[in-house]
Amino acid sequence: MITRTRLAAGACALLAALAAGMAFPAGASAGEPTGEDAPKVDLVLDVSGSMRTRDIDGGTRMAAAKQAFNEVLDATPEEVQLGIRTLGADYPGDDRKTGCKDTAQLYPVGPLDRTEAKTAVATLAPTGWTPIGPALLKAADDLDGGDGSKRIVLISDGEDTCAPLDPCEVAREIAAKGIGLTIDTLGLVPNTKMRRQLSCIAEATGGTYTSVEHTDELTDKVNQLVDRAADPVVTPVATEGADACAKAPTLKSGLYTDREEFGQQRWYRVDVEPGQELRASVSVGADRAVNPSYGVLLRAVTVHGREIVRGEAAGNGRTDVLSTGLRYPKAESDEDGAAAEAVCLQVTNSFSVASGVKTTPGLPLELTVDVVDGPGDSDDVAAFGLGRGWWLLGLLVLVGFVAGLLWGWLSRWRFAIWRTN
């Protein structure tokens, strides 16, 4: 069941990605990569006392982190602005209030001087507490400004020791700001509680969590994340849906983000010309603990409320993002200069939370809208069912029929020879 769910989710994601890649028009549209600002990465390293533990390739966790950092600094692409922040590196005492403020910028985010950055890393020694939440808040400030990609890579060997400032809630607050910042987490020799916390931090911002137990694994993963920051990204455009179609914002082709309250609906409008096709998909993320049964519905309706087409998906708590999509081809018109049709998109969710879980802000919503040339009778298989697939199906039936006749004839011939002998 789990495999089928994951395969279905992967297939939906792939189809959405292909649709987005093929369908955006050549002109400027919402959500296109701008490439104006350099990508930024802030490496946040846990330097708490537990990093003295000798359980990674015969050496300490701190030694493994230093070696990995040196190799990553050598391999960092020139276009990436990189910084290093520490947590638990300076205060060795027992005062919790002071220890939970122990985070500092070791190397500022900016053009990389490899020698200077390596020298700074060499001075680190395992010292104090593990204030992950405060460090993430400061790291977000380190990356403030600009429209390029922003990524925090957190490396830690233990859970946060500065509650009630929950680092998972901090990550959700960062995601709610809509600044396009992703947090990836790496756990050194993790336990169950730490794995749960670091996974929650990453999932809240669309990042990844990885457990590592060897120095080369740590080096490879951090290198991958830094390189990923240099890849062109599509920055979603923030929009605000309405509670009715008549008040909804009109969207062009692009990628949009919004927030939707629990159990509520959001409306958007898209103009579709005769001969064009509307392709839309929506993803709603559970960025906090939700009850295990939920669903997402995406409907295309006319301005008068008549449903045109719908897409829906249901979840059972095994995934944190639920996606669905739809397609609506508008027929050609015999009239010259026929007006575009205003299509209303309605997004509804049935997520719910247990008592005590915050319901504000609403759940993060990502909406992809593509308006492309409609399908033709000869170039779009989806326009007429199996399309060219009928020829293949007919050929397979014919081959099977002939093979059956030959097999039957050979069987009877062999049987006749056996009887004769």
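Parameters and conventions
Residues numbered from 1 in each chain as written. Predicted model: local features only at pLDDT ≥ 70, side-chain atom pairs only at ≥ 80, totals over all residues. Heavy atoms only, no water. Core = buried A, V, L, I, M, F, W, Y, C linked by side-chain atoms within 4.5 Å. Buried < 20%, exposed > 50% of the residue type's maximum accessible area, 1.4 Å probe, protein only. Helix = DSSP H or I, 4+ residues; strand = E, 2+ residues; numbered from the N terminus. Contact = heavy atoms within 4.5 Å. Disulfide = S-S within 2.5 Å. Pairing = 2+ DSSP bridges. Axes fitted to C-alpha atoms, helices over the stretch in contact; angles between N-to-C directions. Parallel < 35°, antiparallel > 145°, perpendicular 65-115°, else oblique. Left-handed = near helix turned anticlockwise from the far one by under 90°. Nonpolar A, V, L, I, M, F, W, Y, C, P; charged D, E, K, R; others polar. Polar contact = N/O pair within 3.5 Å; in protein donor to acceptor, adjacent residues only side chain to side chain. Salt bridge = Lys/Arg side-chain N within 4 Å of Asp/Glu carboxyl O. Arc of directions from axis to C-beta. Phe/Tyr/Trp six-rings, centres within 6.5 Å; stacked < 30°, edge-to-face > 60°.

J.: What should I look at first to understand the nonpolar core in this one?
T.: Note on soluble globular proteins: their nonpolar side chains tend to be buried together. L43, L45, I155, L186, L218 and V226 are the most contacted members of the largest nonpolar core, which totals 32 residues. Of all the secondary structure elements, the ones that give two or more residues to this core are β1 (40–46), α2 (61–75), β4 (81–87), α4 (114–122), β6 (150–156), β7 (181–188) and α8 (215–230). It is α2 that contributes the most residues to this core, seven residues altogether. Sequence-distant contacts of I155, that is, excluding residues within four places in its chain, are made with V44, L45, D46, F69, L186, L188 and L218. Listed in part, the 29 residues of the second largest apolar core include A280, Y294, Y328 and F351.

J.: Looking at this structure, how should I read the state of the cysteines?
T.: Formally, a disulfide is one covalent bond, and it connects the sulfur atom of one cysteine to the sulfur atom of another. In total, this model carries three disulfides according to the counting rule given. One disulfide bridge connects C168 with C200, the sulfur atoms lying 1.6 Å from each other. Note on the C168 and C200 pair: the S-S dihedral is about -45 degrees, so by sign convention the disulfide is left-handed. Here the residue C168 occupies a position in helix α6 (residues 167–176), and C200 occupies one in helix α7 (residues 192–204), the gap between them amounting to 32 residues. In the protein chain, the bonded cysteines, numbered by position in the sequence, are linked as 1-2, 3-4, 5-6.

J.: What's the story with the sheet that holds strand β9 (residues 237–238) in this structure? I'm lost.
T.: Strand pairs in the sheet, formed through backbone hydrogen bonds, run parallel or antiparallel to each other. A sheet is described by the order of its strands in space; here five strands give the open sequence β9-β10-β17-β12-β15, paired in mixed fashion. In this open sheet, the two edge strands, each paired with only one partner strand, are β9 and β15 (321–329). Looking at chain direction, strand β12 (residues 276–285) and strand β17 (residues 363–373) are connected through nine bridges and run antiparallel. Bridging from a neighbouring strand, V282 pairs with L367 of β17.

J.: I tried to follow the packing of helix α5 (residues 132–142) against α6 on my own but got confused; where do I start?
T.: α6 packs onto α5 with a crossing angle of 20 degrees between their chain directions and a minimal axis gap of 8 Å. When the interaxial angle is binned, α5 and α6 end up roughly parallel. For the pair α5 and α6, the crossing hand works out as right-handed. In contact with I132, G133, L136, L137 and A140 of α5, α6 contributes P167, V170 and I174.

J.: Explain the packing of α2 against α4 here, please?
T.: The packing of two helices is summarised by the inter-axis angle and the distance between the axes. At a minimum axis distance of 10 Å, the contact between α2 and α4 shows a crossing angle of 170 degrees. With respect to α4, the element α2 is oriented roughly antiparallel. Taking contact as the criterion, the partners of K66, F69, N70, L73, D74 and A75 in α2 are, on α4, R114, A117, K118, V121 and A122. For the contact of α2 with α4, the class distribution of residues is six nonpolar, one polar and four charged.

J.: For this particular structure, what's the right way to read the environment of H214?
T.: In this fold, H214 is placed in the loop between β8 (209–212) and α8. Here the alpha-carbon distance between H214 and V189, two residues 25 residues apart in the chain, equals 8.8 Å. Discounting residues that sit within four places of it in the chain, H214 has contacts with I56 and D57. Only 2.8 Å separates the side chain of H214 from the side chain of D57, close enough to count as a polar contact.

J.: Can you walk me through the sheet that holds β1 in this structure?
T.: Reading across the sheet, the six strands line up as β5-β4-β1-β6-β7-β8 and stay open at both edges, with mixed pairing between neighbours. Lying at the two open borders of the sheet, with one neighbouring strand each, are β5 (103–110) and β8. Averaged over all pairs of adjacent strands, the angle between strand axes in this sheet comes to 15 degrees, irrespective of strand direction. Two elements, β1 and β4, share seven bridges in a ladder whose sense is parallel. Within the sheet, the bridge partner assigned to V41 lies in β4 and is L82. Against the sheet, α2 engages β1, β4, β6 and β7, with an angle of about 165 degrees to β1.

J.: Honestly, the side chain of T130 in this entry has me stumped. Any pointers?
T.: Within the fold, T130 resides in the loop between α4 and α5. For T130, the side chain forms a polar contact with the side chain of S48, separated by 3.5 Å. Setting aside residues no more than four positions away along its own chain, T130 makes contact with D46, S48, L87, S156, G158, E159, D160, T161 and C162.

J.: So what exactly am I meant to see when it comes to the pattern of salt bridges here?
T.: Note on pairing: side chains with opposite charge can pair once their charged atoms come close. By the definition in use, this model includes 15 salt bridges. D243 serves as the salt-bridge partner of K247, at 3.7 Å between the closest nitrogen and oxygen. Judged by relative accessible area, which is 52%, D243 ranks as exposed. One connected set of salt bridges, linked through shared partners, spans R299, E307, R310 and E312.

J.: What exactly am I supposed to notice about α4 here?
T.: Given 3.6 residues to a turn, an α-helix orients residues that are three or four positions apart in the same direction. Burial in α4 covers these residues: A117, A120 and V121. Within α4, the buried residues cover an arc of 100 degrees as seen down the axis, which keeps them to one side. Exposed residues pointing more than 90 degrees away from the buried face of α4 are listed as T115 and A122. Taken together, the buried residues of α4 touch α2, β4 and β5. Structurally, the start of α4 carries an N-cap: the backbone nitrogen of T115 is 3.3 Å from a side-chain oxygen of D113.

J.: Whenever I open this one, the packing of aromatic side chains confuses me. Can you help?
T.: Two aromatic rings, taken as a pair, are described by how far apart their centres are and by the angle between their planes. Counting across every chain of the model gives one aromatic pair. Relative to F351, the ring of Y294 has its centre 4.4 Å away and its plane inclined at 10 degrees; by these criteria the two rings are stacked. Here the residue Y294 occupies a position in strand β13 (residues 294–301), and F351 occupies one in the loop between β16 (341–349) and β17, the gap between them amounting to 57 residues. Comparing Y294 with F351 shows no difference in burial state: the two are buried.

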